[in-house]
Amino acid sequence: MTLSERTSGNVIILDVQGNIQLGSGAELMRDKVRSLLHQGHRALLVNLAGVGYMDSAGLGELVQAYATTVKQGGSLKLVHATKRLHDLLVITKLSTVFESFDDESSAVSSFGAAT
């Protein structure tokens, strides 16, 4: 798994490529999110378009990233979840936790000026 970051206004977009699973760098997301929060960023958008597979450990990392962000007064949202990942979020009921968007412009504007 690889992560790259870019900015759109006050929103940091994390582009994830590869599989999010145990032993393949799932902890990379945790470290990246913590680093961004430490730098004062509070509006985080995770782009899942390049993710083909996520196991329970990867899902756990995503939940932990969300919890850490919210605990520090921020927002973490998802964009471009594949059908497989969307189904996984629905099955695990995490679709009620994560705000998820189909297009990046809607996702970015959902943060508004408050973050």
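The structure this text deals with has already been given above.
The paragraphs below set out a description of the structure included in this document. (Residues numbered from 1 in each chain as written. Predicted model: local features only at pLDDT ≥ 70, side-chain atom pairs only at ≥ 80, totals over all residues. Heavy atoms only, no water.)

**Concerning the overall build of the protein**
Convention followed: Secondary structure follows DSSP: runs of H or I at least 4 residues long count as helices, runs of E at least 2 residues long count as strands, and numbering of each begins at the N terminus. To get the radius of gyration, use the C-alpha atoms; to get the globule rule, take the number of residues to the power 0.38 and multiply by 2.2 Å. Type-normalised accessible area, obtained with a 1.4 Å probe on protein chains alone, sets the label of each residue: buried when under 20%, exposed when over 50%, and partly exposed for intermediate values. Whether two residues touch is decided by their heavy atoms; if any such pair falls within 4.5 Å, the residues are in contact. Residue-level accessible areas treat just the shown protein chains as cover; the underlying method is Shrake-Rupley with a 1.4 Å probe.
Assigned secondary structure in the protein consists of 4 helices and 5 strands. Reading the helices (α) and strands (β) of the protein from amino to carboxyl end gives β-β-α-β-α-β-α-β-α. For the protein, the C-alpha radius of gyration of 13 Å lies close to 13 Å, the compact-globule estimate for 115 residues. Overall size of the protein, expressed as C-alpha extent along the three principal axes, is 35 × 25 × 25 Å. Among the 115 residues that make up the protein, the fraction classed as buried is 38%. At a minimum sequence separation of 6, the contacts of the protein that also span at least 24 residues come to 70%. As displayed, the protein has an accessible area near 5800 Å², and 52% of this comes from carbon and sulfur atoms.

**Describing the sheet that holds strand β3 (residues 43–50)**
Stated precisely, the cut-off is as follows: Strands pair, by our definition, only if DSSP identifies at least two bridges between them. Orientation is described by lines fitted to C-alpha atoms, with helices fitted over the stretch in contact, and by angles between N-to-C directions that extend from 0 to 180 degrees.
The strand order β1-β2-β3-β4-β5 describes an open sheet built from 5 strands, whose pairing is mixed. Either end of the sheet is taken by a strand with one partner, and the two such strands are β1 (2–8) and β5 (100–101). As paired elements, β3 and strand β4 (residues 75–79) share 5 bridges and run parallel to each other. Bridge pairing in β4 places asparagine 47 opposite valine 79. Helix α2 (residues 56–71) rests against β3 and β4 of the sheet, and its axis sits at about 145° to β4.

**Details of unusual backbone geometry**
Of note in this structure, histidine 80 is not a glycine but carries a positive phi near 60°. Secondary-structure assignment places histidine 80 in the loop between β4 and α3 (83–91). With phi around 65°, lysine 93 is a residue other than glycine that occupies positive phi space. As for its placement among the helices and strands, lysine 93 is situated in the loop between α3 and β5. Among the residues examined, lysine 93 registers a relative accessible area of 59% and is labelled exposed.

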